[in-house]
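# Observations on chain architecture
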Amino acid sequence: MNKDYDFTISEPKWQEFWEKEKIFAFNPKAKKIFSIDTPPPTMSGKMHLGHAFSYTHTDITARYKRMKGFSVLYPFGVDNNGLPTERLVEKIHNVTLFQLGREKFVQLCQKTIQGILPDFIFGWKRIGLSSDFDNAYSTISPEAQKLSQLYFLDLYNQGRIYKKEMPVLWCPECQTAIAQAELEDKEIETFFNDIEFRLTSGEKILISTTRPELLPSCVSIFVHPLDKSKNNLIGKTAIVPIFNQEVPILSDEKVDINKGTGIVMSCTFGDTTDMEWYFKHNLPLKISITKDRKLNELAKEFSGLSIKEAREKILERLKELNLLKSQKRISHTVNVHERCQTEIEILPTNQWFVKYLDLRNQFLKQSGKMNWRPKFMKSRLDNWINGLSWDWCFSRQRYFGIPIPAWYCKKCKKIIVADKDQLPIDPLSAKPKTKCSCGSEEFIPETDIMDTWMTSSLTPQVVLSRFDKKISKKAFPMSMRPQAHDIINFWLFYTMVRSYLHFKNIPFKEIIVSGFLLDSKGEKMSKSKGNVIEPETVINQYGADALRCWASQSSLGDDLKFNEEEIKNGKRLVTKLWNAFKFSSLHLENYSPEKNDKKLLQDEDKWILNKFSLMTREYYKKMDEYEYAKAKEVLDKFFWSDFCDNYLEIIKTRAYESKDRGVQYALYYLLLNVLKLYSPIIPFITEEIYQEFFKENEKIKSIHLFSFPEDKELFNFPKETKDFENAINTIEQIRKYKSEQKISIKAEVETVVIETKDKEKIQKYLPLIEKIMAVKKIEVK
């Protein structure tokens, strides 16, 4: 073996080898299938360290399951349709889709994707993902488009899809409707403004608001029905300052008595509570904000101003009129679009919806049918389901995505949907196959596209559509869904919804939830904070195995701080493995295991083989529970302490003095199987050592094509192990003595006194211990 291991040469070499030799190709004919619904990363820039962190967990599982006898369906996909891709293209080329127009912008998106896709995928290959990259999928491919449109038709025929004009969440920056799941809460600094309203009866009241620019949209005022100091106002009429419309004072239990003055103005629409009151109390509709976040003609003299400008001007006018009584700076939570962090508005627009609010109880039951790891993550989904307020708005007023396969009859306005055999279809360039029921042959094409989640929620179907029905039946529900906890309300929820609506089934049996990656200060890594670290930087310095080693130390659901020292520890493990095998190779030259070698095992060999067997069972137990960190911990303890510190030192004399086939057998077995157990976590170094050291004997193409040793192949030497533990205890005492006396381990000493509970059993090991510990005489108490 070479003197040193060079990961910069080895890692790319084996990644290329795995791909060329199709080491991780899925075998659909296998009896045991383990299917993984891998999250297709959004093509919105480079891979970041958070990806490397969470995807390593999935890959460890995939590699482990293969070596446990499963054929692993581990697809790699790219989510490259919809708003995230559009925003990336706009950023790269410094354009907007509205500047270019639909046709040119779609062409630019397709060209950009083709250009950056190879480098984008390479990042995942570089961390050692064992996906079947030959079967990678894209959410904008013709196959995905056809599937997405097919299931749209299924929902439409079920009566689950409808189109209606109603208040929806609107992103002024992206110029599109968004779904409830795409909201994020954001804390901002603003003012509570106490504004004086006059009643038609002559009384005056104070109302606190953070949005005075919505005064032209004020349609009612609310107080709490149990607020004794204010319920005398119920039924009266107030006059809105500046704009002078008269509005009723109503009561609702949702009013927070302790917030502001306890009197709330309701506008259409300032927030989701306004929307709820609009429907509940049958309020009139007054829209004063445009889609690009400016005030319209309803705002009179303030028309055309941006929201920020209008807020300032209206506050100035209120001061002039002596109606702004006080201002208080507060920290205020607002809803923003998670894609662009822009504050959302609520505007009435014509949109497509999936009807599902009536199914909340069924969704909760589905949530309970899946095995959550960790279990407490289930409450996040359940809380989301219980808090649903609207049906799923899935139409987007954008260009690059999967078209909604529908037209409108020009004459009677009826919706006409495509036939199945027309899919995939773009209604802008095609027509329905038949006339409208009214006889008209003129149609207006739908220009909206589907939200990216309408396709991403079908990832199990996109993957399984490549196989026949028998394979799909074996692999669905998918065995496992790995993902981070921040998209439980998005991807997990929508996939569960689609699986129930189309198949009345759960989409996956187990949900494996990883935490966030934090920077060294404990803050979540994000591009906006400027604290993101690219995996490439870490890999170039320490290697992918070292990075994976660090990532494997996190428990499911737990956030993990980036710690460069832990990555260095990963590199030390790689070096230790190399050196241990390099030393062992000196004593295994030309050795090939034979059955009779087992009869030549001595007590120290039986002790280490028994320790290995106990450790291996514990390793399997932890890995089966997806406890990667604990599995690695027991393996590390065995390798560093039992094997390297003790066994290799103990057998040095036997190994150097003669070709002892007993020690050779134990060494060969342990080295090969330690490699197997480490291979899911650190696949590159284990492949390098296997190819260098074992391939000629074992004949198997790759370490990753082995099976783990089964229970019947493990060893059981309880008596010898118990006896030899006395020898290990004695060795540890002598090491401690030499360390305390500042004597080199190799330096010979005359006499050492040790203590033992079993003086009789230690006697037979004293010659061995004296020899390996450089002690002339050991006295036993």
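What you see is a predicted model; the values in this text were computed from it and never measured.

With that settled, the discussion passes to the pairing of strand E7 (residues 183-199). Two elements, E7 and strand E13 (residues 324-337), share 13 bridges in a ladder whose sense is antiparallel. Its bridge partner being in E13, Glu-189 is matched across the sheet by Ser-331. If you look at the hairpin formed by E7 and strand E8 (residues 204-209), you'll find four residues sitting between the two strands, and Gly-202 has a positive phi there, around 100°. Across two bridges, E7 lies against strand E10 (residues 237-239) in antiparallel orientation. Residue pairing across strands places Arg-198 opposite Ile-239, the latter belonging to E10.

Judged by pairing direction, the sheet is antiparallel, and its four strands sit side by side in the order E6-E5-E14-E16 without closing on themselves. One side of each edge strand has no neighbouring strand; the edge strands of this open sheet are strand E6 (176-178) and strand E16 (392-393). Note that strand E5 (residues 161-171) and strand E14 (residues 345-354) share 10 bridges and pair antiparallel. Paired with Pro-167 across the strands is Pro-348, a residue of E14.

All right, on to the side chain of Ser-288 then. Locating Ser-288 in the fold gives a position in the loop between helix H7 (272-280) and helix H8 (307-320). A polar contact is formed between the side chain of Ser-288 and the side chain of Ser-217, at a distance of 2.5 Å. In this structure Ser-288 touches Leu-214, Pro-216, Ser-217, Lys-294, Leu-295, Asn-296 and Leu-298, once residues within four positions along its chain are discounted.

Phe-394, Phe-493, Trp-550, Tyr-619, Phe-643 and Tyr-647 are the most contacted members of the largest nonpolar core, which has 197 residues in total. A total of 13 residues in this core trace back to one element, the largest contributor, which is helix H21 (residues 661-678). Not counting the four nearest positions on each side in its chain, Phe-394 is found in contact with Phe-152, Ile-161, Trp-352, Phe-353, Val-354, Ile-404, Ile-449, Met-450, Asp-451 and Met-454. Judged by nonpolar contacts, the second largest core, of 38 residues, contains Ala-177, Phe-302, Leu-315 and Leu-324.

Here helix H17 (residues 564-585) spans 32 Å end to end across 22 residues, near enough to the 32 Å set by a 1.5 Å rise per residue. Within the span of H17, buried status applies to Ile-567, Gly-570, Leu-573, Val-574, Leu-577, Trp-578, Ala-580, Phe-581, Phe-583, Ser-584 and Ser-585. Turning to H17, the residues buried within the fold contact helix H15 (535-542), helix H16 (544-551), helix H19 (628-650), helix H20 (652-657), H21 and helix H22 (683-693). Among the residues of H17, the N-terminal cap falls to Asn-563, whose side-chain oxygen and the backbone nitrogen of Glu-565 are separated by 2.9 Å.

The sheet built from three strands is open, its strands ordered E15-E23-E22 with parallel pairing. Every interior strand has two partners, whereas the edge strands, strand E15 (371-373) and strand E22 (478-484), have only one. Sheet twist, expressed as the average angle between the axes of neighbouring strands with direction ignored, equals 15°. Sheet topology places E22 next to strand E23 (residues 508-514); six bridges connect them, and they run parallel. By the bridge assignment, Pro-482 is partnered in E23 with Ile-512.

Let's shift gears to the side chain of Asp-37. Looking at where Asp-37 falls in the secondary structure, it is placed in the loop between strand E1 (33-35) and helix H2 (49-67). In this structure the side chain of Asp-37 is engaged in a polar contact, spanning 2.8 Å, whose partner is the side chain of Thr-459. For Asp-37, the residues in contact, after removing those within four places along its chain, are Thr-459, Pro-460, Met-478, Met-480, Arg-481, Pro-482, Trp-491, Thr-495 and Phe-508.

Attention now moves to unusual backbone geometry. Backbone torsion omega between Thr-268 and Phe-269 reads 0°, so that peptide bond is classified as cis. Of note, the amide linkage connecting Arg-373 to Pro-374 takes the cis form, showing an omega dihedral of -5°. By the secondary structure assignment, Pro-374 is in the loop between E15 and helix H10 (378-386). A positive phi is found at Arg-293, a non-glycine position, where the angle reads about 65°. Tracing the backbone through its elements, the reader meets Arg-293 in the loop between H7 and H8.

Take Ile-512: it is sitting in strand E23. In this structure, the C-alpha to C-alpha distance between Ile-512 and Lys-659, residues 147 residues apart in sequence, is 48 Å. Leave out the neighbours within four places in its chain, and Ile-512 touches Arg-373, Met-480, Arg-481, Pro-482, Gln-483, Leu-556, Tyr-626 and Tyr-628.

Conventions and cut-offs
Within each chain, residue numbers correspond to sequence positions counted from 1 in written order. Residue-level local features of this predicted model are given only where pLDDT is at least 70; pairs of side-chain atoms are given and counted only at 80 or more, and the full residue set underlies all totals for whole chains, interfaces and linings. Computation of side-chain values: all heavy atoms of the structure, hydrogens and water removed. Any two strands with at least two DSSP bridges between them are considered paired. Strands here mean DSSP runs of E at least two residues long; helices mean DSSP runs of H or I at least four residues long; both are numbered from the N terminus. Polar contacts here mean pairs of N or O atoms no more than 3.5 Å apart (in protein, one a potential hydrogen donor and the other a potential acceptor; neighbouring residues in sequence count only if both atoms are side-chain atoms). We call two residues contacting when some pair of their heavy atoms lies within 4.5 Å. Grouping buried Ala, Val, Leu, Ile, Met, Phe, Trp, Tyr and Cys residues that are joined through side-chain atoms within 4.5 Å yields what is termed a nonpolar core. Here's how the labels work: a residue is buried when its accessible area is under 20% of the maximum for its type, exposed when over 50%, partly exposed in between, all with a 1.4 Å probe on protein chains only. Given a helix with a known number of residues, its expected span is that number minus one, times 1.5 Å. A fitted line through C-alpha atoms represents every axis, and for helices the fit uses only the stretch in contact; the resulting angles, taken between N-to-C directions, go from 0 to 180 degrees.

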